[in-house]
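Each chain, written out:
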Amino acid sequence: MPKVRTRVAPSPTGDPHVGTAYVALVNYCFAKKHGGEFVLRIEDTDQTRSTAESERAILETLRWCGLSWDEGPDVGGPHGPYRQSERSSIYREYAGKLLEQGDAFKCFCTPERLEEMRVAQRASGRPSRYDGLCLSYSPEDVARREAAGEPYVVRMRVPDEGVCVVEDLRRGPVEFEYKTVDMQVLMKSDGLPTYHLANVVDDHLMGITHVFRGEEWLSSAPKHLLLYSYLGWQPPKLMHLPLLRNPDKSKLSKRKNPTGILFFRAMGYLPEALVNFLALLANAVRDGEDEIMDLPAIVRRFEIEHVPTGGPVFDLPKLDWLNGRYIRERLDPATFARRVTDWGISPQRLTRLAQLAAPRIERFSDLGPLLAFLFSGRLSLRPEDLRGTKLDDVEMRRAFTLALTELDALPVWDALGIEAVLKRIAETLGKKTRDVARPFYVAITGSPTSIPLFDSMELLGRDIVRERLRGALQLLGGAG
RNA sequence: GGCCCCAUCAUCUAGUGGCCUAGGAUGCCGCCCUCUCACGGCGGUAACGCGGGUUCGAAUCCCGCUGGGGCUACCA
């Protein structure tokens, strides 16, 4: 029996998500429960979306949660590198092997043709699936096109007939007819692999024995199983975890709810409470058992067969209750003091605040009202508070809506970038920056007079800013 | 549209054919404690989606329906 090895493989394409922490926790628990190892791998094969900043934040927040990995891009290990962008030659090798075996082929089809094909397939009620045009080309044809410099991708071959049975550890056998499984792209025209190839190759090479991943992967499991068999490898055991949901039951998304681990940190949740809460979502307690438990206890009582299959709503009020219990039951006054300091009034943060606040106060006692917004969750505002003279409701809605998307797209969250976004929005609206800034001051700081806006936003963090803008928008009756 | 997953209180869930006139937790309501509030204690509210089977017996097994969700990219 080989040693149990699990992994979490986040994609560094945005702010770290609680779903990632949930999946990481399950993989961590399973590995530790069985005396195995837990690996962190970065899936950055999408070079247009991946950022170093996102990777850094993911590592930092997972560590904040108390999860540690035995191997990973920062700690190294015998199966590295742990960043897929550094493993290109490995994927090329296996793509080459698949091509040679005839289990993959070069595809020269244009995006336009593929799009047309899919539209037609959908219209006639068929599954969306590559029609195999490029499979019909002779080797000479392929060589000629390649020599002519036609761009191509490498696609995996999928049988037209038969059934693939995916054995899910929790759900049992799940059947897929091969004719409903698409001939996925394995190597993009930029020479980098897609997730499908990279995850199979890496899981094998890294000796991963069990894969716990989100349910969104269940329908592509047949492709992965097929690749394992083409390459002559033993696939790991698979289990698909339910997706965390918004209160409206859709997949948890930052458009509707706080989803960022950074949000929970900025709001003053304790990492042990957050992890405890996520653990409850994976393994509920039995009657009479206390719901508070630390990581070792979570690991000890972890049972994969008790992970629910239905997607749970991320129930913020319950997290609040649990976090409150941690604060009043698990923090002695000294620890309380230290953790509050680390959270909001660390010397570094106070130094920064000093520069921003000192010019605006006459007594230290002015600090309370001036900086209260930095130590608050939601602000209680009325629509009248937002209204000034320079922007009407329609314009404000427009400005907030634009800000919501543009701020999300900022690669690095700092005052400079935020300023650029606000100025661009003012320009779009044909207004002065100062006039556009006013409602933002109110929405973000709760008052039209405050310490500088862009710094305030930076200090609050992207997630809280998003929540406050969303709140302001709601006050004005929705997006514009 | 096609494929797949899922289905117990508002929410998280226990429940793996009789222990269930369905248990716990959050939320909400009430009472108690109390210099306020909160905490805490006690009590209450509230669910097996529907229809067929199988069985002596079904929340538990099977089928259909309905509902929800995911996937359907040269993103993961």
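As a reminder, the structure under discussion sits directly above these lines.
Figured I'd write up the structure that's included with this text. (Residues numbered from 1 in each chain as written. Chains lettered and ligands numbered in written order. Predicted model: local features only at pLDDT ≥ 70, side-chain atom pairs only at ≥ 80, totals over all residues. Heavy atoms only, no water.)

**Focus on the pairing of strand β8 (residues 210-214)**
Let me state the cut-off plainly: For each residue, the accessible area found with a 1.4 Å probe, counting protein chains only, is set against the maximum for its type, and the residue is called buried under 20%, exposed over 50%, and partly exposed in between. Every helix listed is a DSSP run of H or I at least four residues long, and every strand listed is a run of E at least two residues long, numbered separately from the N terminus. Any two strands with at least two DSSP-identified bridges between them are counted as paired. If the strands point away from the viewer and the path from the first strand over the helix to the second runs clockwise, then the crossover is right-handed.
Of all five residues in β8, five are buried; the element is thus mostly enclosed. As paired strands, β8 and strand β9 (residues 237-241) are joined by five bridges and run parallel to one another. Opposite phenylalanine 212, over in β9, you have methionine 239 as the bridge partner. For the crossover from β8 across helix α7 (residues 221-230) to β9, the handedness is right-handed.

**A closer look at the protein's contact with RNA strand B**
Short version of the rule: Here, proximity means that at least one heavy atom of the residue falls within 4 Å of the molecule or strand. The definition of a polar contact used here is a pair of N or O atoms within 3.5 Å, where within protein one atom must be able to donate a hydrogen and the other to accept one, and adjacent residues in sequence count solely through side-chain atom pairs. The residue classification treats Ala, Val, Leu, Ile, Met, Phe, Trp, Tyr, Cys and Pro as nonpolar and Asp, Glu, Lys and Arg as charged. All others, Gly included, are polar.
As a structural note, the neighbourhood of RNA strand B is formed by 50 residues, with Arg171, Lys188, Ser189, Asp287 and Glu291 the closest of them. For RNA strand B, the backbone makes up 77% of the atoms found within 4 Å of the protein, where backbone means sugar plus phosphate. In the environment of RNA strand B, a phosphate oxygen lies 3.0 Å from a nitrogen or oxygen atom belonging to the side chain of lysine 188. Take threonine 309: an N or O atom from its side chain is 3.3 Å from a sugar or linking oxygen of RNA strand B. Those elements giving two or more residues to the surface near RNA strand B turn out to be α4 (111-123), β4 (153-156), β6 (172-177) and α11 (316-330). Considering each element in turn, the surface near RNA strand B owes the most residues, four residues, to α11. When its residues are assigned to classes, the surface near RNA strand B shows 17 nonpolar, 13 polar and 20 charged.

**Here we look at helix α6 (residues 195-205)**
For clarity, the cut-off: Working rule for contacts: check all heavy atoms of both residues, and any pair within 4.5 Å makes them a contact.
Extensive coverage of α6 is indicated by the burial of nine of its eleven residues. Those residues of α6 that fall on the buried side of the exposure criterion are Tyr195, His196, Leu197, Ala198, Asn199, Val200, Val201, Asp202 and Asp203. Close packing links the buried residues of α6 with β1 (5-8), α3 (88-101), β7 (185-187), β8 and α7. Two residues or fewer after α6 comes glycine 207, characterised by a positive phi angle close to 70 degrees.

**Considering helix α18 (residues 433-445)**
Definition in use: Each residue after the first adds 1.5 Å to the expected span of a helix.
In this model, α18 (13 residues) spans 17 Å end to end at C-alpha, consistent with the 18 Å of a helix rising 1.5 Å per residue. Taken across its 13 residues, α18 has ten buried, putting it largely inside the fold. Tucked into the core, α18 has its buried residues touching α15 (383-386), α16 (393-409), α17 (415-429), α19 (453-460) and α20 (462-475). The first or second residue beyond α18 is glycine 446, which carries a positive phi of 85 degrees.

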